[in-house]
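These are the residues of each chain, in order.
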Amino acid sequence: MPLTRLQVQALARANPVISPWWVVFGQIVLGVLLVLLAWLVFGALVAKSVACGVLAVVLPAALFARGLSSQFARANAGMAVMSFFVWELVKIVVTIGLLFAAHRLVKDLNWPAMLVGLIVTLKVYWLALAFKRKAKPVQNINA
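Keep in mind that what you see is a predicted model, and the values were worked out from it rather than measured.

Colleague: Before we move on, could you go through helix H4 (residues 77-105) and cite the residues and values that matter?
Modeller: Over its 29 residues, H4 extends 41 Å from the first C-alpha to the last, a length consistent with the 42 Å expected when each residue adds 1.5 Å. When we look at burial in H4, the residues that qualify are Ser83, Lys91, Thr95 and Ala102.

What follows is the structure, encoded as structure tokens:
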């Protein structure tokens with residue numbers, strides 16, 4: 001039995017969608033704080049290395065969010081699934097490319113610091129889920 005318009009609206013209110021841009025914003029904020037902390041505690045070289053790890057997560061995530069929010073990705077369900085996998089592949093390739101670029105461009109790159117920046121920034125996905133908007137209670141519209 002198909003849902004009525006009111007039922008669909010109630011279901012949408014009860015299960016709010018987390019925007020990929022919310023995750024990217026969280027990654028940027030946490031990344032900036034992490035780089036500042038590394039700079040204050042360990043100095044500029046470690047902060048540069050942490051920034052490379054942060055950028056290797058934030059830039060591909062922003063590309064991914066942009067790709068998922070395009071009109072092409074929202075055309076129909078099949079295109080949305082295909083778009084998700086294509087942009088996920090782009091995200092992985094760009095991440096690997098940025099890590100190789102950091103190795104070549106940053107003299108005396110501190111690998112452990114870069115990996116800390118990468119891993120901590122990746123964990124924002126879990127924080128975004130923890131701080132997602134609260135669902136509104138669903139009222140029974142069949143009564």
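Here the narrative resumes.
Colleague: Can you tell me about the side chain of Gln27, naming the residues and giving the values?
Modeller: Within the secondary structure layout, Gln27 lies in helix H2 (residues 20-42). You can call Gln27 buried: its relative accessible area is 0%. Once residues lying within four places of it in the same chain are set aside, the contact partners of Gln27 are Val57, Val58, Ala61, Thr121, Val124 and Tyr125.

Colleague: Let's hear about the packing of helix H3 (residues 44-68) against helix H5 (residues 111-122): which residues, and what values?
Modeller: Geometry of a packed helix pair, given as the angle between the helix axes and the separation of the axes. Where H3 contacts H5, the two axes come as close as 7 Å, and the packing angle between them is 40 degrees. Comparing their axes, H5 and H3 come out oblique. Classified by chirality, the crossing of H5 by H3 is right-handed. Seen from H3, the contacting residues are Val46, Ser49, Val50, Cys52, Gly53, Val54, Ala56, Val57 and Val58; seen from H5, they are Ala113, Met114, Gly117, Leu118, Thr121 and Leu122. A class-by-class count of the residues in the contact of H3 with H5 yields 11 nonpolar, 4 polar and no charged.

Colleague: Would you mind going over unusual backbone geometry in detail, with residue names and values included?
Modeller: Most peptide bonds adopt trans geometry, and most residues besides glycine take a negative phi value. In this model, Asp108 sits at a positive phi of 55 degrees, which is unusual for a non-glycine residue. Summarising the element assignment, Asp108 is placed in the loop between H4 and H5.

Colleague: Describe a nonpolar patch on the surface, naming the residues involved and giving the relevant values.
Modeller: The grouping of Ile28, Val32, Leu36, Leu37, Trp39, Leu40, Val41 and Phe42 at the surface amounts to a nonpolar patch, some 860 Å² of accessible area in total. Structurally, Val32 can be placed in helix H2. Overall, the relative accessible area of 45% leaves Val32 in the partly exposed class.

Parameters and conventions
Residues numbered from 1 in each chain as written. Predicted model: local features only at pLDDT ≥ 70, side-chain atom pairs only at ≥ 80, totals over all residues. Heavy atoms only, no water. Helix = DSSP H or I, 4+ residues; strand = E, 2+ residues; numbered from the N terminus. Expected span 1.5 Å × (residues − 1). Buried < 20%, exposed > 50% of the residue type's maximum accessible area, 1.4 Å probe, protein only. Contact = heavy atoms within 4.5 Å. Axes fitted to C-alpha atoms, helices over the stretch in contact; angles between N-to-C directions. Parallel < 35°, antiparallel > 145°, perpendicular 65-115°, else oblique. Left-handed = near helix turned anticlockwise from the far one by under 90°. Nonpolar A, V, L, I, M, F, W, Y, C, P; charged D, E, K, R; others polar. Patch = residues over 30% accessible without salt bridge, like charges linked within 9 Å, V, L, I, M, F, W, Y side chains within 5 Å. Areas by Shrake-Rupley, 256 points an atom, 1.4 Å probe, with all protein chains shown as cover. Salt bridge = Lys/Arg side-chain N within 4 Å of Asp/Glu carboxyl O.

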